[in-house]
Amino acid sequence: MSIEALQNRPQPLQFKIIHMPNRQIAAERAVQMPRAQRLAATSTLFEVGDLSEEISDRSFILRLNTIVARRLADAEKNTPANLSDAILSNGKLHRHAELAVFGRWLLLDGYAWVKKQGGKQPDPRVILQCVAIAMYELRVRPKLQEHGLAHATRESRKREITKRDLALRWEGMFGDLKNPSFFDARLRSIRRILPAYLEHLKTGAYVIDSKQIRKSPEIKRVLEAISRKNTPRPEVKVSVIAKPVTLVPADPPPFDIELRYSSPAQENEYRNLTGISLPPSQLRYKPTSVSSTSTSGTVRADRKDKIVLVPDVAMRDTYQVEALIDRLVLLVITTTPTAAHYLNDKIFNATGSRIFAHDLKKQINRRDWRASLPQLDSTKPLGHHFAILIQDPTPELLPSILDVIRGTHGIDGDVNFHLIEVTVDFYPRTRGLPEEAILFREKMVGLLQRHHWAKHSLFHSHGLPGQRRADARQFYLETNNNAKTVFFFAKEKKTISGSDHDLDDPEVRTRLLTTRPGRDLYLNSTTWKGAENSASQVSIQHKIANRRNPEKQTKEDLPDQERRARIEVTISGDDTLRKEGLDTVIDLASASFRKLAMPFLSFKLAEIEPFQHILDDAQIQMRTRGVYGIELRNRARALEEREERRRGGQKMGRKNDLEGRGLVSWKEMNDVVGKALDELQRRWTSFSWK
């Protein structure tokens, strides 16, 4: 294939953001997609798109070059328009052309100057990827070390770039895990291939547009880094982010976070468009200097000079917000015996509503009930004690259901609560095209995922303090339709699985202060906080269907106008609800849904110190963990700093580990949610049942 073919820029393809490298990189921003598009529009050395086996070698080279360049803050500086422009007068390649030329020599020319060895031949694409990772590592490492953000290393190294470095970067760059041992054979091949490549350049035989290519300095640097012995680098502690003197401007420029799906198939399902291509949704944030909220006009001392990351969205103008009761589980004792399926049928025939009745004398362990259902002693008869699950109850429907039960089998005593699920839905306000509604809906899903925050103790007060299963996590389908659950903060191998809430545990603090950015929050995922069978749980959903059955892979798709972003809180257990003022069913008429739900359905903004590395880390956290991650890292970092003072014999001061550290209320969002809950309460004041 000719060099002219390499220079011809193809039509841009849909781009899929992959994970960022697994170190906190000060120069990286959540603007990689726009940067990649600008690079591809400026130079034929770049192409936007995914890496896959199906694309041509030419596209593989250009796309890999883009994946590396788009991570660099200065990537657009002095970008050559094409390969010819990238060859300087002394034969040295511009840095943006080094990977592309080496890739051409390796993939298109077949590295014919390298003597083949026996056995299995290396995959040239993998070799090129390894070289790309090493080049990127060498580019960003000095700045990481300067800001104290480099990953922890062993006390001694034989080489500057090791297989462990490549393994750490591979997941962030290409989205899958590789053990360090995977790179043993690849590094041996690279040490054999790169010298032959560099010697070939020295001969002057590589000519493009009458220009000789003689030098590739970054490729040479890679060879040196993987070959020679290197002076050991000092160990870098990952737990505490140092505070360099680099300050950000009083009002830093806005930044964008791209929203994405876990796979193209999921994106097609959720967007539900045929023959129409939509750009990726983005959240724009405006870092804003803290302003006074008091009548005196002064800013509190602990907030002075700090910056708030404010999403660029007008809630009231853009979204219609509605609250409802999604599910109720009531405990009913009938005066005459019956069977659960008879109750189901009679209620459906009389009201058209499908309920699910369960006889409490029959053992059951279902997630549907959240907290465990009451256990009856052996003297209780069969066919009298029921838990009844009601979907989408209304003040008009609920009395009809209860009247059917009382009219056919009688009701003994009060009807008590076991579970209530309160939901808040966000519908886009748009009179434009359906594509506009999709983008607005996706933005709201992204905002809910990133800005919801509730006290961790709310999800741990009814169980063991170390229950890991209560931590924030997302559930989604992978490309192969396998279901996957991923915690916001992944557990390190060979560590005890403590909860994110257990900050007194050094292993937990290490996990929270990881250099790994975490997995993107996917638009097709359901995010959870709280254990499945606990007294309280919050979920955030992109609601496009009802009655999903993952086992049968069935669902009922919603019309476009009913698709929405949703957040819901489930509170269960008769003791828990009694404390919240919901004892018997008649309490629904006087319940304060704002008081009941707002502790769980609250929203926060991140308030950070005005240092560049803190702002950079906050952007990474907002992409992958939201304010949940920022708050926990703030607390873990403060505790680590306190421990360091203790180890150094310094005065430790008071332990001030408060939930919500570094977060402030998102007033507009909390206001619209609170008003929706007030409207729900108003509707239920009409409920009456004697």
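This write-up is about the structure you can find in this document.

Rules used in this analysis
Residues numbered from 1 in each chain as written. Predicted model: local features only at pLDDT ≥ 70, side-chain atom pairs only at ≥ 80, totals over all residues. Heavy atoms only, no water. Pairing = 2+ DSSP bridges. Helix = DSSP H or I, 4+ residues; strand = E, 2+ residues; numbered from the N terminus. Axes fitted to C-alpha atoms, helices over the stretch in contact; angles between N-to-C directions. Contact = heavy atoms within 4.5 Å. Core = buried A, V, L, I, M, F, W, Y, C linked by side-chain atoms within 4.5 Å. Buried < 20%, exposed > 50% of the residue type's maximum accessible area, 1.4 Å probe, protein only. Parallel < 35°, antiparallel > 145°, perpendicular 65-115°, else oblique. Salt bridge = Lys/Arg side-chain N within 4 Å of Asp/Glu carboxyl O. Polar contact = N/O pair within 3.5 Å; in protein donor to acceptor, adjacent residues only side chain to side chain. Phe/Tyr/Trp six-rings, centres within 6.5 Å; stacked < 30°, edge-to-face > 60°. Lys NZ or Arg CZ within 6 Å of the ring centre and 35° of its normal.

So, the sheet that holds strand E6 (residues 319-333)
Link 1 in the chain: Read from one edge to the other, the open sheet built from nine strands follows the order E7-E8-E6-E9-E16-E13-E12-E10-E11, with strand pairing classed as antiparallel. Every other strand in the sheet has two partners, leaving strand E7 (356-359) and strand E11 (483-487) as the edge strands with one partner each. Ignoring strand direction, the axes of neighbouring strands in this sheet form an average angle of 15°.
Link 2 in the chain: Where strand E10 (residues 473-477) meets strand E12 (residues 526-529), three bridges bridge the pair, whose relative direction is antiparallel. When the bridges of E12 are listed, Arg473 appears paired with Trp528.
Link 3 in the chain: With respect to the sheet, helix H12 (residues 397-409) is in contact with E6 and strand E8 (385-391), its orientation differing from that of E6 by roughly 15°.
Link 4 in the chain: Against the sheet, helix H13 (residues 434-451) contacts E6, strand E9 (416-428), E12, strand E13 (536-543) and strand E16 (564-572), and its axis sits at roughly 35° relative to E16.

Regarding the nonpolar core
Inside soluble globular proteins, nonpolar side chains tend to come together where they are buried.
Link 1 in the chain: Counting 93 residues, the largest nonpolar core has Ile420, Phe426, Leu588 and Phe593 as its most contacted members.
Link 2 in the chain: Top element by residues in this core is helix H19 (residues 667-684). It accounts for seven residues.
Link 3 in the chain: Residues contacting Phe593, with those up to four places away along its chain left out, are Ile325, Ile420, Val422, Leu588, Met598, Leu677, Leu680, Gln681 and Trp684.
Link 4 in the chain: The next biggest cluster of nonpolar side chains, apart from the first, holds 64 residues, and it includes Met33, Leu64, Tyr136 and Tyr197.

Considering the pairing of strand E4 (residues 282-289)
Link 1 in the chain: Note that strand E3 (residues 255-258) and E4 share four bridges and pair antiparallel. Looking across to E4, one finds that Phe255 is bridged to Tyr285.
Link 2 in the chain: Examined bridge by bridge, E4 and strand E5 (residues 307-311) share five bridges and lie antiparallel to one another. Looking at the pairing, Pro287 lines up with Leu309 of E5.

A look at the side chain of Ser353
Link 1 in the chain: Here Ser353 is to be found in the loop between helix H11 (340-351) and E7.
Link 2 in the chain: Under the relative-accessibility criterion, Ser353 is labelled buried at 10%.
Link 3 in the chain: When residues no more than four places from it in sequence are discounted, the contact partners of Ser353 are Ile347, Phe348, Leu397 and Ile401.

Overview of unusual backbone geometry
Link 1 in the chain: Positive phi, close to 55°, is recorded for Asn78, a residue that is not glycine.
Link 2 in the chain: In this fold, Asn78 is placed in the loop between helix H3 (57-69) and helix H4 (95-108).
Link 3 in the chain: With a phi angle near 65°, Ser210 is a residue other than glycine that sits in the positive phi range.
Link 4 in the chain: Mapped onto the fold, Ser210 is located in the loop between strand E1 (207-208) and strand E2 (211-212).

Regarding helix H2 (residues 32-42)
Link 1 in the chain: Where H2 is concerned, the buried positions are Gln32, Met33, Pro34, Arg35, Ala36, Leu39 and Ala40.
Link 2 in the chain: Looking at the buried residues of H2, the elements they touch are H3, E3 and E4.

Let's talk about the packing of H4 against helix H8 (residues 217-227)
Link 1 in the chain: As a packed pair, H4 and H8 sit with axes 8 Å apart at the nearest point and diverge in direction by 70°. Between H4 and H8, the interaxial angle falls into the category roughly perpendicular. Taking contact as the criterion, the partners of Arg95, Glu98 and Phe102 in H4 are, on H8, Pro217, Glu218 and Ile219.

Notes on the pairing of E11
Link 1 in the chain: One ladder, built from five bridges, connects E10 with E11; its direction is antiparallel. Bridge pairing links Gln474 to Val486 in E11.
Link 2 in the chain: Between the antiparallel neighbours E10 and E11 lie five residues, among them Asn481 with a positive phi of about 65°.

Some points on the sheet that holds strand E17 (residues 604-608)
Link 1 in the chain: Pairing within the open sheet is antiparallel, and its five strands lie in the order E3-E4-E5-E17-E18. Where the open sheet ends on each side, the last strands, each with one partner, are E3 and strand E18 (663-665). Averaged over neighbouring strand pairs, the angle between their axes works out to 35° when direction is ignored.
Link 2 in the chain: Relative to E17, E5 runs antiparallel, the two sharing two bridges. Its bridge partner being in E17, Ile307 is matched across the sheet by Ile608.

Considering the pattern of salt bridges
A side chain of one charge can pair with a side chain of the opposite charge if their charged atoms are brought near each other.
Link 1 in the chain: Under the defined criterion, the tally for this structure stands at 43 salt bridges.
Link 2 in the chain: Arg35 is paired through a salt bridge with Glu76; the nearest N and O atoms lie 4.0 Å apart. Taken together, the residues span a long stretch of sequence, with Arg35 in helix H2 and Glu76 in the loop between H3 and H4 at a distance of 41 residues.
Link 3 in the chain: Classification of Glu76 by relative accessible area gives partly exposed; the value is 35%.
Link 4 in the chain: Between Arg594 and Asp678 there is a salt bridge; the shortest N-O distance is 2.7 Å. Here Arg594, found in helix H16 (residues 593-597), pairs with Asp678, found in helix H19; they are 84 residues apart in sequence, far enough to count as distant.
Link 5 in the chain: One network of salt bridges, with partners in common, ties together Asp326, Asp425, Arg564, Arg566 and Glu568.

Looking at the side chain of Ser602
Link 1 in the chain: Positionally, Ser602 belongs in the loop between H16 and E17.
Link 2 in the chain: Judged by its relative accessible area of 13%, Ser602 falls in the buried class.
Link 3 in the chain: Within the local environment of Ser602, its side chain forms a polar contact with the backbone oxygen of Trp453, the two atoms lying 2.4 Å apart.
Link 4 in the chain: Discounting chain neighbours no more than four positions away, the residues touching Ser602 are His451, His452, Trp453, Ala454 and Asn670.

Brief notes about the packing of aromatic side chains
Link 1 in the chain: Going through the model one piece at a time under the given rule, you end up with 15 aromatic pairs.
Link 2 in the chain: Judged by centre distance (6.0 Å) and plane angle (25°), the rings of Phe102 and Trp105 are stacked. Note that Phe102 and Trp105 are positioned in helix H4 at a spacing of three residues, about one turn of the helix.
Link 3 in the chain: On the basis of relative accessibility, which here comes to 0%, the residue Trp105 falls in the buried class.
Link 4 in the chain: Pairing Trp170 with Phe174 gives two aromatic rings, centres 4.7 Å apart and planes at 65°, and the pair type is edge-to-face. With Trp170 and Phe174 both in helix H6 (residues 163-174), this residue pair falls four residues apart, about one helical turn.
Link 5 in the chain: Through a chain of ring-to-ring contacts, three or more aromatic side chains come together here, namely Trp170, Phe174, Phe182 and Phe183.
Link 6 in the chain: The ring of Phe182 has Lys178 lying over it, and the distance from NZ or CZ to the ring centre is 4.5 Å.
Link 7 in the chain: Geometry around Phe487 places Arg468 over its ring, the cationic atom sitting 4.1 Å from the centre.

Geometric descriptors of this kind do not, in isolation, establish any biological role.
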